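Observations on the model geometry
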Amino acid sequence: MSRITCPTLRPRVVTAAEAAAHIRNGDRVATSGFTGSGYPKLVPPALAAHAKAEHAAGRDFAVELWTGASTAPELDGILAEAGAVSRRLPFQSDPRMRQAINDGQTEYIDTHLSHSAQQAWFGFYGNLDVAVVEVAAILPNGLLVPGSSVGNSKTWLDLADRVILEVNEWHPRAYEGFHDVYYGTRRPPERLPIQLLESMQRIGDPYLRVDPEKVVAIVETNHPDRNLPFKPADADSQAIAAHLVDFLRHEIRVDRLPPSLLPLQSGVGNVANAVMANLADSEFEGLRAYTEVIQDGMLDLIDSGKLTSVSATAFSLSAERAEAFNANIESYKGRILLRTQEMSNHPEAVRRLGVVAINGMVEADIYGNVNSTHVMGSSIINGIGGSGDFARNAYLNFFVSNSRAKGGAISSIVPFASHIDHTEHDTQVLVTEQGLADLRGLSPVARARRIIASCAHPDFRDRLTDYLDRAIAANPHGRHTPHLLAEALSWHERFHATGQM
Ligand code: 0RQ
């Protein structure tokens, strides 16, 4: 049976090329999609082909691209390769898009993921021309059943002048009932408290709404989400996870956490995924998650019975896990809820629920400033994503990383972070395979001693201590957060010059 049962909308089914023809040079285009799930799969390649044809004919063609978060090669990748994206926001992780941004061809606006929708409807980014949104089905009354992500789709459908829908049969029809789309957001000063008191509480609707008048085209597809595999957890990830889990036990013993913990948030990346897998082997029971993405590790926790429920905005699964989930989707009903990213990452909810946030990092400095996004201060990797939404507002936050990168050439603990996403005021606990530094209640120099002793790799520990000691000695009237300004970024400069920090 067709997934499009609305008599008004059914006649608008066209080919992807016909749908893409509704997108013009200079348009602001916003798509569904969040960390490789629920993004449109046919219109973007058709748009890229059109852009290439225009370029070959000597004409300009580029659009602004707004999404929920990262998408996939057949959206970010193919449009970046076609040179068809003038400006991109918010989180991305595609290698070709990253290249276009780092080459200076595409402007990139790296907002917090909870801010992106509201800043769009505040009007901060200008008028939205087109929304391209993938859904699992269109109901007879025109309501839309989302698929494997919700992201910013609600806002894009509300704001866009024109809407293109992709109806993808790869998403199980049984997705109906897995979503909670909150329609109560208002601009200040009309804002009301968000009545989300428990992680699985429903505060919205199971469906997305769209004004049928705005729907200019519908495309039918049957294409899987991108679904990248995770690296198997190596010894370092296991060690990081073990330190973190031991610390959680300690916090329970001293009565700073309940035995079933508080709702967990786990970020993107291999290390964060490994931490979740490690929790599956632990003694914890009755865990809950209030998070952004559901990775394989979190699904393992549900399957093992340790995790009773997950509220998120999207799946980010490997291909095998996605197929297994789709085949057994009914068994997860009531245990998984997908919200708008505005709500999954909402500061008010994160603060009220007391989330325990675990996110990856690129580097941290001795005082606890964390860089989540840039290599050597200049090249973006992915973006801040939701790490700031969660870390700043969490009950307890962790930043995790190997103590070294690139085969030992780089120390992840440096005198001064080459880019700062999370300041020393936000950071609570740093974890590397070397150990864990609990920074709560410590002054800057005490934090520095603890980070160097617990988290830095032995290859770099003495040099970090030497830097700190000399910075203290050289600043007789500046001993609160002492630095040697001319030397603070010298480790990064040395890496550029010699390939070694
Ligand atoms: O690059 O694969 O080319 O070698 O960075 O590093 O160690 O595989 O770590 O997969 O956990 O990702 C911060 C990127 C960590 C991720 C980051 C290089 C390293 C490798 C990845 P290669 P690992 P992970 C909510 C939370 C921001 C968004 C976020 C991230 C690559 O966690 O994007 O937290 N976070 N969102 O070699 C140079 C260093 C390095 C380094 C690592 N010090 N210097 N390169 N790398 N450390 C979810 C969402 O927001 C959607």
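All values derive from a computational prediction rather than experimental measurement. (Residues numbered from 1 in each chain as written. Predicted model: local features only at pLDDT ≥ 70, side-chain atom pairs only at ≥ 80, totals over all residues. Heavy atoms only, no water.)

1. Quick notes on the sheet that holds strand β18 (residues 363-365)
The strand order across the open sheet built from three strands is β19-β18-β25, with neighbouring strands paired in mixed fashion. Each end of this open sheet is capped by a strand with a single partner; those strands are β19 (370-371) and β25 (413-414). Strand direction decides the pairing type here: β18 and β19, joined by two bridges, are antiparallel. Bridge pairing in β19 links glutamate 363 to asparagine 371. (Pairing = 2+ DSSP bridges. Helix = DSSP H or I, 4+ residues; strand = E, 2+ residues; numbered from the N terminus.)

2. Describing the confidence of the model for the chain
Taken residue by residue, the chain gives an average pLDDT of 96. The fraction at 70 or more is 100%. Model confidence for the complex: the whole-complex pTM is 0.97, and ipTM, which rates the interface, is 0.97. (pLDDT = per-residue confidence, 0-100.)

3. Observations concerning the site of the ligand
In the vicinity of the ligand there are 28 residues, among which Glu292, Val362, Asn382, Gly386 and Lys406 approach most closely. Contacts to the ligand include valine 362, whose backbone N or O atom sits 2.9 Å from a nitrogen atom. The contact in question runs from an oxygen atom of the ligand to an N or O atom on the backbone of glycine 386, over 2.8 Å. Considered on its own, the ligand offers 1,000 Å² of accessible surface; in the complex 81% of this is hidden by protein. When residues of the shell around the ligand are assigned to domains, at least three map to each of domain 1 (10-221) and domain 2 (235-473). (Near = heavy atom within 4 Å. Polar contact = N/O pair within 3.5 Å; in protein donor to acceptor, adjacent residues only side chain to side chain. Areas by Shrake-Rupley, 256 points an atom, 1.4 Å probe, with all protein chains shown as cover. Domains from an automatic or database assignment.)

4. Some words on the UniProt feature "domain: Acetyl-CoA hydrolase/transferase N-terminal" (unreviewed entry) in the chain
Residues given the UniProt feature "domain: Acetyl-CoA hydrolase/transferase N-terminal" (unreviewed entry) here are residues 14-220. Taken end to end, residues 14-220 is 25% helix and 19% strand, and its first and last C-alpha atoms sit 8 Å apart. (UniProt positions renumbered as here; feature names shortened; annotations may be inferred.)

5. Observations regarding the packing of aromatic side chains
Under the definition given, this model contains twelve aromatic pairs. For the ring pair tryptophan 66 and tyrosine 125, a centre distance of 5.7 Å and an interplane angle of 75° mean the geometry is edge-to-face. Within this pair, whereas tryptophan 66 is found in strand β2 (residues 63-66), its partner tyrosine 125 is found in the loop between α5 (113-121) and β5 (130-135), the two being separated by 59 residues in sequence. Of the two residues, tryptophan 66 and tyrosine 125, neither departs from the other in class, the shared state being buried. Taken together through their ring pairs, the aromatic side chains of Tyr175, Phe178, Phe315, Phe325 and Tyr332 make up a single cluster. (Phe/Tyr/Trp six-rings, centres within 6.5 Å; stacked < 30°, edge-to-face > 60°. Buried < 20%, exposed > 50% of the residue type's maximum accessible area, 1.4 Å probe, protein only.)

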